[in-house]
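# Notes for the structure review
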Amino acid sequence: MSVLLNNTVVNNQFNIIDNSQHQTVKIENTKDGENFEFNITDNIKNLTLLVFLHLNNTVNLKFNIANNTNVNIVNIYKNKDNHQNINLEYNVLANSTLNLYHLNIVDSNINENVTFNLLEKRSKVIYYLASLSTSDKQKNEIIYAHHQAPQTFSEIKTYSIAKDASLQTVKCTSHIEKTMVKSEAHQELRLLVFDKTSRAISDPILLIDENDIKASHANALGMLDPEQVFYLQARGLTVNQARKLICMGYFKHVVEAIDDEKIQTEIINEIDREIGE
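This text gives an overview of the structure that appears in the document. (Residues numbered from 1 in each chain as written. Predicted model: local features only at pLDDT ≥ 70, side-chain atom pairs only at ≥ 80, totals over all residues. Heavy atoms only, no water.)

### Some words on the pairing of strand β8 (residues 70-77)
Burial within β8 is extensive, with seven of its eight residues counted as buried. In this sheet, β8 lies alongside strand β6 (residues 47-53) in parallel orientation, the contact comprising seven bridges. Each residue of the ladder has a partner; that of Leu49, found in β8, is Ile73. Bridging between β8 and strand β10 (residues 97-104) involves seven bridges; their strand directions are parallel. Counted as the bridge partner of Asn72 is Asn99 from β10. (Buried < 20%, exposed > 50% of the residue type's maximum accessible area, 1.4 Å probe, protein only. Helix = DSSP H or I, 4+ residues; strand = E, 2+ residues; numbered from the N terminus. Pairing = 2+ DSSP bridges.)

### Some thoughts on helix α2 (residues 239-256)
Taking 1.5 Å per residue as the helical rise, α2 with its 18 residues ought to reach 26 Å, and the 25 Å between its terminal C-alpha atoms agrees with that figure. Of all the bends found along α2, the most pronounced is centred on Tyr250 and spans about 55 degrees. Among the residues making up α2, those that are buried are Asn240, Ala242, Arg243, Lys244, Ile246, Cys247, Tyr250, Phe251, Val254 and Val255. In the core, the buried residues of α2 are packed alongside β10, β12 (124-133), β14 (153-162), β16 (183-193), α1 (226-233) and α3 (261-275). (Expected span 1.5 Å × (residues − 1). Bend = angle between axes of the 7 residues up to and from the residue. Contact = heavy atoms within 4.5 Å.)

### Regarding unusual backbone geometry
One non-glycine residue, Asp136, lies in positive phi territory at about 70 degrees. For Ala165, which is not glycine, the phi torsion reads 65 degrees and is therefore positive. Mapped onto the elements, Ala165 comes out in the loop between β14 and β15 (167-176). Residue class for Ala165 comes out partly exposed when judged on its relative accessible area of 32%.

### Some details on the environment of Ile213
Mapped onto the elements of the fold, Ile213 is located in strand β18 (residues 213-223). Once the C-alpha coordinates of Ile213 and Arg199 are considered, the two residues, 14 residues apart in sequence, prove to be 34 Å apart.

The structure is reproduced here in structure tokens:
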């Protein structure tokens, strides 16, 4: 595995102690079963970590987020035309907030397992997934948010689009253990199917072992709404322009989290190409 932090080669395990607001990680040339670990130290504020994933097979990534830290992580898949399996684990300690964004639009089969361990009081996770599958490919997402301390918070929002005989699956479990009082777990799963050859499957699960908590889930799955398309056509857009605009509405939270304008433009153009005519 080759790992670059701000274009400098680093080991498979390293500490991020710099409070610079924007840092870039590139992971490539991975071997099957390789492990990589990020340790983000105490008292880092408003760090944005842009992670480019050039994966070949099965990879395990762990992010440890220490106390009193606020971090934004944007994961962007880059490799096309291969099968990728990734296991992602995020461990969040006291008074820390993780804002996580996944952009998964490459033309590839991807199985993603994401685990959030909320380990201490007032640890918080907000997760946005933007996933597009095309050309007979499958994108499978398994999410597990584990509340292991009181006053923890998770909010998970997934936006998935399937087209051209592809498959999208999302299974999301939020688990609040007994005695983890004043915790909150919220889910919102949205899956959009572009055509009759494609499929989407969602499975929202709440496992609640404590009464003094707040929890909710929303689940929306369906075909592209022809009334939305007609409404946009009436305002001068073509059918394809309308479809692309609806897709960008699905993915805007993740795209806007990328604070590099050049990369943001590249991503928008890539979404435009993948949606096609």
